[in-house]
Amino acid sequence: MRWSKTFIPTLRENPAEAETVSHQLMLRAGLMRKLASGLYTYLPLGWRFIRKVEQIIREEMDRAGAIEVMMPMLHPLELWEHSGRAKVMGPEMMRLHDRNARGFVLGPTHEEIITALAAGEIRSYKQLPINFYQIANKFRDEIRPRFGVMRAREFIMKDAYSFDADDTGANKSYQMMFDAYKRIFNRCGLTTVAVEADTGAMGGSFSHEFMVPAEIGEDRMAVCSQCGYAANLEKAESALMENEWDTHLFDIAKKTTYQEVDTPNMRSIEDVSRFLNVQPKQLVKTLIYLADTQVIAALIRGDHQINESKLKKAVGCETLTLATPETIESVTQAPVGFAGPVGLTAVPIIADPAVMAMPSMITGGNKIDTHLLNVIPNRDFKPAKIADIRVVTQGDRCVNCQGTLTVSYGIEVGHCFKLGTKYSEAFHATYLDAEGKENLLIMGCYGIGVTRTAAAIIECNNDKDGIIFPWSVAPYQIYLMAVNPSNSELVQLAEKFYIVLRDAGFEVIYDDRNERPGVKFKDADLLGFPIRVIIGDKNIKQGLIEVTERRTKQTRLVQKNPETLISAIKQYGV
Ligand code: ATP
Ligand code: MG
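Not measured: the values here are computed from a predicted model.

Here is what the cut-offs are and how they apply
Each chain has its residues counted from 1, running along the sequence as written. Naming scheme: in the order in which they are written, chains are lettered from A and ligands are numbered from 1. Whole-chain, interface and lining totals are the exception, using all residues; otherwise, since this is a predicted model, local features are given only for residues with pLDDT of at least 70 and side-chain atom pairs are given and counted only at 80 or more. For the side-chain quantities, the full set of heavy atoms in the structure was used; hydrogens and water were omitted. Working definition: helices are DSSP H or I runs of at least four residues, strands are E runs of at least two. Numbering for both runs from the N terminus. Accessible area is worked out with a 1.4 Å probe on protein chains only. A residue is then buried under 20% of its type maximum, exposed over 50%, and partly exposed in between. All accessible areas in this document rest on Shrake-Rupley with a 1.4 Å probe, and a residue is counted as covered only by the protein chains that are shown. For the purposes of this section, nonpolar cores are sets of buried Ala, Val, Leu, Ile, Met, Phe, Trp, Tyr and Cys residues that join through side-chain atoms within 4.5 Å. Whether a residue is near a molecule or strand depends on its heavy atoms: if one lies within 4 Å, it is near. Whenever a nitrogen or oxygen atom comes within 3.5 Å of another N or O atom, the pair is scored as a polar contact, on the condition that within protein one atom can donate a hydrogen and the other can accept it, and that pairs from neighbouring residues in sequence are kept only if both atoms are in side chains. Any two residues whose heavy atoms approach within 4.5 Å at even a single point are treated as in contact. Think of it this way: DSSP has to see at least two bridges between two strands before they count as a pair. Note on geometry: axes are C-alpha line fits, over the in-contact stretch for helices, and angles between N-to-C directions span 0 to 180 degrees. For this classification, under 35 degrees means roughly parallel, over 145 means roughly antiparallel, 65 to 115 means roughly perpendicular, and everything else is oblique. Should the near helix be turned anticlockwise from the far one by less than a right angle, the crossing is left-handed, and should it be turned clockwise, the crossing is right-handed. Residue type decides the class: Asp, Glu, Lys and Arg count as charged, Ala, Val, Leu, Ile, Met, Phe, Trp, Tyr, Cys and Pro as nonpolar, and the leftover types, Gly among them, as polar. In summary, the pairing rule links any two rings of Phe, Tyr or Trp, Trp by its six-membered ring, whose centres are within 6.5 Å, and it sorts them by plane angle into stacked for under 30 degrees, edge-to-face for over 60 and tilted for everything else. Note on criteria: charge over ring means Lys NZ or Arg CZ within 6 Å of the ring centre, with the direction from the centre no more than 35 degrees off the ring normal. Here, the term disulfide refers to a pair of cysteine sulfur atoms separated by no more than 2.5 Å.

**Here we look at the overall build of the protein chain**
- Each helix and strand counted, the protein chain has 17 helices and 33 strands in total.
- For the C-alpha atoms alone, the extent of the protein chain along its principal axes is close to 95 × 65 × 50 Å.
- Per-residue burial for the protein chain yields a buried fraction of 53% across its 574 residues.
- Surface accessibility of the protein chain: about 26,000 Å² in total, with carbon and sulfur atoms responsible for 51%.

**Concerning the nonpolar core**
- Counting 63 residues, the largest nonpolar core has Leu31, Phe49, Met61, Tyr181 and Ile184 as its most contacted members.
- By size, the runner-up hydrophobic cluster in this structure holds 25 residues, among which are Val500, Leu501, Ile545 and Ile566.

**Some details on the site of ligand 1**
- Taken together, 15 residues surround ligand 1, and among them Arg140, Glu142, Arg151, Ala152 and Glu412 come closest.
- Within the side chain of Arg140, a nitrogen or oxygen atom sits 2.9 Å from an oxygen atom of ligand 1.
- In the environment of ligand 1, an oxygen atom lies 3.1 Å from a nitrogen or oxygen atom belonging to the backbone of Val413.
- Protein chains shield 87% of the accessible area of ligand 1, which is 580 Å² for the free molecule.
- Taken together, the elements giving at least two residues each to the shell around ligand 1 come down to strand S8 (154-164) and strand S23 (405-420).
- For the shell around ligand 1, the leading source of residues is S23, giving four residues.

**Things to note about the side chain of Ser22**
- When you line up the elements, Ser22 lands in helix H1 (residues 21-28).
- Only 2.5 Å separates the side chain of Ser22 from the side chain of Glu459, close enough to count as a polar contact.
- Beyond its immediate chain neighbours, meaning those up to four positions away, Ser22 contacts Met150, Ala455, Ile458 and Glu459.

**What to know about the sheet that holds strand S5 (residues 94-97)**
- Strand order in the open sheet made by the three strands is S4-S6-S5, with antiparallel pairing throughout. In the strand order of this sheet, the two ends are held by strand S4 (74-76) and S5, each with one partner. Looking at each pair of strands side by side, their axes are set apart by 35° on average, direction ignored.

**Looking at the packing of helix H2 (residues 44-63) against helix H13 (residues 450-460)**
- With their axes 10 Å apart at the nearest point, H2 and H13 run at an angle of 110° to one another. Taken as axis vectors, H2 and H13 run roughly perpendicular relative to one another. Note on packing geometry: the crossing formed by H2 with H13 is right-handed. Of the residues in H13, those in contact with Phe49, Ile50, Val53, Glu54 and Ile57 of H2 are Val450, Thr451, Thr453, Ala454, Ile457 and Ile458.
- Considered class by class, the residues forming the contact of H2 with H13 number eight nonpolar, two polar and one charged.

**Here we look at the packing of aromatic side chains**
- Applying the stated criterion across every chain yields a total of 14 aromatic pairs.
- Considering the side-chain rings of Trp3 and Phe529, the 6.5 Å spacing of their centres and the 80° angle between planes classify their relative orientation as edge-to-face. Of this pair, Trp3 sits in the segment before H1 while Phe529 sits in the loop between helix H15 (517-527) and strand S31 (531-535), placing them 526 residues apart in sequence.
- With a centroid separation of 4.9 Å and 70° between ring planes, the pair formed by Tyr174 and Phe206 is classed as edge-to-face. Taken together, the residues Tyr174 in helix H6 (residues 167-187) and Phe206 in strand S10 (residues 206-213) connect sequence positions 32 residues apart.
- Residue classification places Tyr174 among the buried positions, given a relative accessible area of 3%.
- For Lys496, the ring lying beneath its charged end belongs to Phe497, and the centroid distance is 5.2 Å.
- Here Arg502 stacks its cationic end above the ring of Tyr498, 4.6 Å away from the centre of that ring.

**Looking at the sheet that holds strand S30 (residues 508-511)**
- Taking strand neighbours across the sheet as the criterion, the five strands line up as S30-S29-S31-S32-S33 in an open arrangement whose pairing is mixed. The open sheet has two edge strands, S30 and strand S33 (555-559), and neither has a second partner. Neighbour-to-neighbour, the strand axes of the sheet open up by a mean angle of 25°, direction not taken into account.
- Where strand S29 (residues 478-482) and S31 come together, five bridges link them in parallel fashion. Bridging across to S31, Ala482 finds its partner in Ile535.
- Contacting S29, S30 and S31, H15 runs over the sheet at an angle of about 180° to S29.

**Regarding the environment of Gln492**
- Take Gln492: it is sitting in helix H14 (residues 488-503).
- C-alpha of Gln492 to C-alpha of Ala482: the two residues are ten residues apart in sequence and 9.1 Å apart in space.

**A word on unusual backbone geometry**
- In the segment running from Leu128 into Pro129, the intervening peptide bond is cis, with an omega of -5°.
- Positive phi is not limited to glycine here, since Ala101 has a value of about 65°.
- Relative to the helices and strands, Ala101 resides in the loop between S5 and strand S6 (103-106).
- Judged by its relative accessible area of 58%, Ala101 is exposed.

**A closer look at the side chain of Arg550**
- Structurally, Arg550 can be placed in the loop between strand S32 (544-549) and S33.
- Given a relative accessible area of 4%, Arg550 falls into the buried group.
- A polar contact of 3.5 Å, which involves the side chain of Arg550, links it to the backbone oxygen of Gly466.
- At 3.3 Å, the side chain of Arg550 forms a polar contact with the backbone oxygen of Ile467.
- Once residues lying within four places of it in the same chain are set aside, the contact partners of Arg550 are Asp463, Asp465, Gly466, Ile467, Ile468, Asp525, Gly528, Phe529 and Pro530.

**A look at the packing of H14 against helix H17 (residues 562-570)**
- Across the interface, H14 lies against H17 with an axial gap of 11 Å and an inter-helix angle of 55°. Classed by the angle they form, the pair H14 and H17 counts as oblique. In this structure, H14 crosses over H17, and the sense of that crossing is right-handed. From H14, Phe497, Val500 and Leu501 reach across to H17, where they touch Pro562, Leu565, Ile566 and Ile569.
- For the contact of H14 with H17, a count of residues per class yields seven nonpolar, no polar and no charged.

**With respect to the state of the cysteines**
- Inspection of every chain in the model, using the stated rule, returns zero disulfides.
- No disulfide involves Cys188; its sulfur sits 11 Å from the nearest other cysteine sulfur, which is in Cys460.
- With no disulfide partner, Cys401 has as its closest neighbouring cysteine sulfur the one in Cys224, 3.6 Å distant.

None of this, on its own, says anything about what the molecule does.
What follows is the structure in structure tokens.
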């Protein structure tokens with residue numbers, strides 16, 4: 001491709017609206033432009049890049065035995081009402097009406113659509129297993145679209161759906177997708193960590209997210225370097241610290257009953273711990289929640305954070321919100337800030353194991369301006385349930401091996417779910433087995449954010465001068481330029497090598513613009529083509545051409561004959 005014949009509107013400055021490196025570079029390098037919040041047009045080079053990512057995904061999906069289809073992006077609302085997800089998805093799902101006032105949605109994902117298809121088309125075990133995938137646009141009215149295409153409102157996703165006759169088969173299908181994902185991200189030049197994840201609105205029995213470690217990632221994960229345990233913080237568990245409390249503290253605690261202490265207007269953990277001159281870890285937070293329609297109390301240690309995803313799971317509810325001050329007052333008989341478990345019989349108490357392991361604790365007194373000292377678990381209150389409901393923190397012990405957990409940020413680029421029969425039940429998607437008996441199809445679903453993956457590639461592959469495209473996804477692999485466009489000998493050579501390199505199978509962008517070399521070099525760096533071939537006045541007099549690798553900026557001079565040039569390019573390990 002000649003630069004002058006395509007469209008690469010590079011920018012000198014970083015657009016002010018772009019907070020992350022990938023967002024800045026995708027705009028500055030002219031890969032895309034914003035239409036409105038969370039909506040982007042991909043320009044020619046950006047689109048080539050995305051198509052390459054798609055192609056890698058397509059090849060690996062095909063290799064894993066999945067078959068490509070294309071489903072409508074516009075769905076009848078009825079299907080979503082049928083599965084109950086019209087409510088679960090809430091305002092994130094874009095809704096509209098046709099001319100007859102029938103409800104439709106712009107598909108945020110396709111479980112309902114594919115399951116309805118399977119219910120109509122799959123009859124026999126002989127058709128199983130089967131795995132359908134598509135690469136298509138998805139729509140989600142995100143609360144906060146951000147970071148360019150990382151969290152957009154219209155984005156490209158690869159979504160696959162497997163159907164199996166039994167659980168063993170479904171697990172095998174899952175594993176095949178899991179392995180394909182590893183290959184896909186590797187081929188895209190990305191390092192990923194597969195973490196155990198919460199199944200959330202998708203439902204189902206287990207799931208893994210593929211995370212690209214990055215500071216700007218919106219997800220947090222806990223990873224054990226010793227045994228490899230890795231989980232999204234929404235789900236991550238940790239073991240209790242051993243010997244955290246001196247044993248004599250337990251003996252001292254048992255000797256005294258709990259006592260009231262005045263804590264005038266001291267409502268937060270910080271206030272109370274300062275006022276009583278104790279550490280936050282000696283206190284217990286009592287949080288009052290509305291779980292669906294039931295009010296509950298959750299207990300965690302003062303220095304810990306509540307994990308609402310885990311609490312939701314422990315309670316088995318669909319919605320979970322902090323109770324209003326009125327509810328808190330009516331349940332605890334005290335204003336907000338003084339709730340505690342002692343005498344709190346009106347609601348079930350869910351306590352974190354770290355609370356139950358305390359020798360004694362300081363809690364709210366269910367009375368204004370009052371806390372209780374020396375409260376002992378199981379003596380002074382009995383929880384309805386003990387469950388791990390806290391957020392794992394850096395340095396916690398691993399549940400598997402007692403190793404040390406590290407908490408870091410990640411970009412979720414893919415997600416595998418074992419769905420089980422949630423959707424096949426809803427849509428009565430069944431098959432007849434060899435005995436002629438009807439069974440539910442066992443499902444899995446597998447998503448990759450194609451455009452988010454593209455952004456993650458740039459987020460992880462750049463330097464101060466611009467993008468550093470991995471060879472596998474570069475919009476063009478080789479950048480070719482004659483330094484002085486008014487020197488016809490140079491231009492002729494550049495034209496010749498343009499053909500030579502293309503004929504050798506490389507994707508070449510030939511910068512034929514009549515611009516200063518400085519501007520061109522800057523653009524070549526910004527766009528991050530893996531190899532730069534420069535034909536310059538001085539070198540050519542000695543019969544030499546300059547070949548530079550973008551990643552290392554390492555330059556070699558090679559003889560100007562085609563074979564030498566091609567083999568020099570190949571030596572960069574591409
Ligand atoms: P997130 O937690 O980031 O909102 P999700 O759990 O809603 O993601 P899934 O429903 O599992 O995402 O979708 C599959 C994949 O689609 C994700 O792994 C992610 O790569 C991508 N994705 C999801 N939402 C967006 C978005 N708004 N913009 C771009 N890509 C997205
Ligand atoms: Mg989401």
